[in-house]
Amino acid sequence: MSEVRVWLNGRIVDSEGARLHHLTHSFHYGLGAFEGVRAYEVGAGCGAVFRLREHMTRLMNSCHLVTLDKGLQWSGDQLGAACVEALRANHLASGYLRPVVYLAHGAMGVGAAGNPVHAMIAAWKWGAYLGEDGLQHGIRACISSFQRPGHATTLTKGKVTGQYVNSILAKREALMNGYDEAILLNEQGYITEASGENLFMVQDGLLVTPPLGMNILGGITRATIIEVASDLGFTVVERPFARDELYCADEVFLTGTAAEVTPVREVDGRKIGSGTRGAITAELQAVYFDIVYGRNPKYERWLTRYELAASQGAGVVAVG
Ligand SMILES: Cc1ncc(COP(=O)(O)O)c(C=O)c1O
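Here is what the cut-offs are and how they apply
Residue positions are given per chain, counted from 1 along the sequence in the order it is written. It should be noted that, the model being predicted, local features are given only for residues of pLDDT at least 70 and side-chain atom pairs only at 80 or more, the latter also being counted only at that level, while totals for whole chains, interfaces and linings use all residues. Segmentation of the chain into domains, including their bounds, is taken from an automatic or database domain assignment. Contact between two residues is assigned whenever their backbone-derived C-beta positions fall within 7 Å. Comment: elements are numbered from the N terminus, with helices defined as DSSP H or I runs of at least four residues and strands as E runs of at least two. Following the grouping adopted for this structure description, the nonpolar residues are Ala, Val, Leu, Ile, Met, Phe, Trp, Tyr, Cys and Pro, the charged ones are Asp, Glu, Lys and Arg, and the polar ones are all others, Gly among them. We define the nonpolar core as any set of buried residues of the types Ala, Val, Leu, Ile, Met, Phe, Trp, Tyr and Cys, connected via C-beta atoms lying within 7 Å of each other. The exposure scheme places C-beta atoms from the backbone and then counts, for each residue, the other C-beta atoms within 10 Å of its own, assigning buried at 20 or more, exposed at 12 or fewer, and partly exposed in between. Under this scheme, a helix contributes an axis fitted over its contacting stretch, all axes are lines through C-alpha atoms, and angles between N-to-C directions fall in the 0 to 180 degree range. Comment on the angle field: the value is read as roughly parallel under 35 degrees, roughly antiparallel over 145, roughly perpendicular from 65 to 115, and oblique elsewhere. By convention, the crossing between two helices is left-handed when the near helix turns anticlockwise from the far helix through less than a right angle, and right-handed when the turn is clockwise. In this analysis a residue is considered near a molecule or strand if the C-beta atom, reconstructed from its backbone, is found within 6 Å of that molecule or strand. Here the expected span of a helix is defined as 1.5 Å times the quantity of residues minus one.

Asks: Account for the domain arrangement of the protein, with residues named and values stated.
Replies: Under the domain assignment, the protein is made up of domain 1 (5–126 + 298–307) and domain 2 (132–277). Just the C-alpha atoms count here: the centres of domain 1 and domain 2 sit 25 Å apart. Between domain 1 and domain 2, the contact holds 18 residues from the first and 11 residues from the second. Of all the elements in the fold, those that place two or more residues in the side of domain 1 that touches domain 2 are helix 1 (25–29), strand 3 (32–34), strand 4 (37–43) and helix 2 (52–65). Grouping the amino acids of the side of domain 1 that touches domain 2 by side-chain chemistry returns 7 nonpolar, 6 polar and 5 charged.

Right, here's the structure in full:
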């Protein structure tokens, strides 16, 4: 791999220049807001970032939720343009972007109200998050012994770094027990989402997914699938359901920027439907990939196209 370049506080630096101070507040206590964004190669030397505007809006909202917006010097549009700059700087027509807004060093007390707020954007190549085989044939999931934290405990709509300790524990437990992914319940025993993906099930041709009012992340892929499936004529129902309905679903799939649309073929040792990728999941997956790869003009508005050849910082990037 050629040298990694990172967007840090308005400048493209090499990995040496992107080193963090050992007393970086967010490193110690986990107060950071972040995003996961994907770009897809849509032509020779040409990429497209998927739903960049929505990702930047959620980043700004996450910052607002945890009060990092107070010291943040960049707007969502500026960080969106910086995402494209980071892709170009790394010669990536496709890749994964990780913007993080965090509290830099200064005071070491927990409050640290006056510490500077920094922003960093990394970009790298990342294949199928749950594996190519998972995309084709489905993954094996388990219900986690860890709960998704509730509204009284945390800010469930924020993509906040420290909150991911819970997801990591759930995911590691699943991996240690031989599963690919963990599905978390809420305090009442309803299904919420997986460690890094939202969840849908198919019941008699209907798509069912937990409602946004529950303690789930407002997934951008989730919103995409709801809109696209509705456009295709599917009925999408947002309602709570427990594990018994999940075990008996015709199909189950997960959605996320990293995991894209990944079928679930088994939950807790129970085969889901035919035990492989279901027909509706396959249809939605195919449409999703057509959209992100720029093959569906109807949803062109969700793509921020860019050319690699443009010199660094040149060209106006219209955030789509
Ligand atoms: C906990 C959690 N739920 C759901 C998602 C899916 O969200 P999106 O589709 O916006 O990537 C993610 C990934 O960001 C996540 O971390």
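Asks: Could you give an account of the nonpolar core, naming the residues involved and the relevant values?
Replies: In globular proteins that are soluble, nonpolar side chains generally tend to be buried together. Cys83, Ala86, Val101, Ile121, Ile183 and Val252 are the most contacted members of the largest nonpolar core, which has 78 residues in total. Among the elements that line this core, the one with the most residues is helix 3 (residues 76–89), at 8 residues. Taken together, domain 1 (5–126 + 298–307) and domain 2 (132–277) each give at least three residues to this core, which thus spans both. Residues within four places of Cys83 in sequence aside, it is in contact with Val37, Val49, Leu52, Leu97, Pro99 and Ile121.

Asks: For the packing of helix 2 against helix 3, give the residues involved together with the corresponding values.
Replies: Here helix 2 crosses helix 3 at 125 degrees, and the two axes come no closer than 9 Å. If you check the angle between helix 2 and helix 3, you find them oblique. Classified by chirality, the crossing of helix 3 by helix 2 is right-handed. The residues of helix 3 that touch helix 2, namely those facing Leu52, Arg53, Met56, Thr57, Leu59 and Met60, are Gly76, Leu79, Gly80 and Cys83. Taken together, the residues of the contact of helix 2 with helix 3 sort by class into 6 nonpolar, 3 polar and 1 charged.

Asks: Tell me about unusual backbone geometry, residues and numbers included.
Replies: Positive phi outside glycine occurs at Asn9, with the angle close to 50 degrees. In this fold, Asn9 is placed in the loop between strand 1 (5–8) and strand 2 (11–14). Asn9 sits in the partly exposed class, given 15 other C-beta atoms within 10 Å. A positive phi is found at Thr67, a non-glycine position, where the angle reads about 65 degrees.

Asks: Talk me through the site of the ligand; I want residue IDs and the actual numbers.
Replies: Taken together, 14 residues are adjacent to the ligand, and Gly219, Ile220, Thr221, Gly256 and Thr257 come closest. If one sorts the elements of the shell around the ligand by residue count, helix 6 (residues 220–231) sits on top with 3 residues. Here the residues of the shell around the ligand are counted per class, giving 2 nonpolar, 9 polar and 3 charged.

Asks: Would you mind going over helix 6 in detail, with residue names and values included?
Replies: When the terminal C-alpha atoms of helix 6 are compared, their 16 Å separation across 12 residues agrees well with the 16 Å that a helix rising 1.5 Å per residue should span. Residues of helix 6 that are buried make contact with helix 2, strand 11 (198–203), strand 12 (206–209), strand 14 (251–256), strand 15 (260–267) and helix 8 (279–292). Positive phi appears at Gly233, one or two residues downstream of helix 6, with a value of about 100 degrees.

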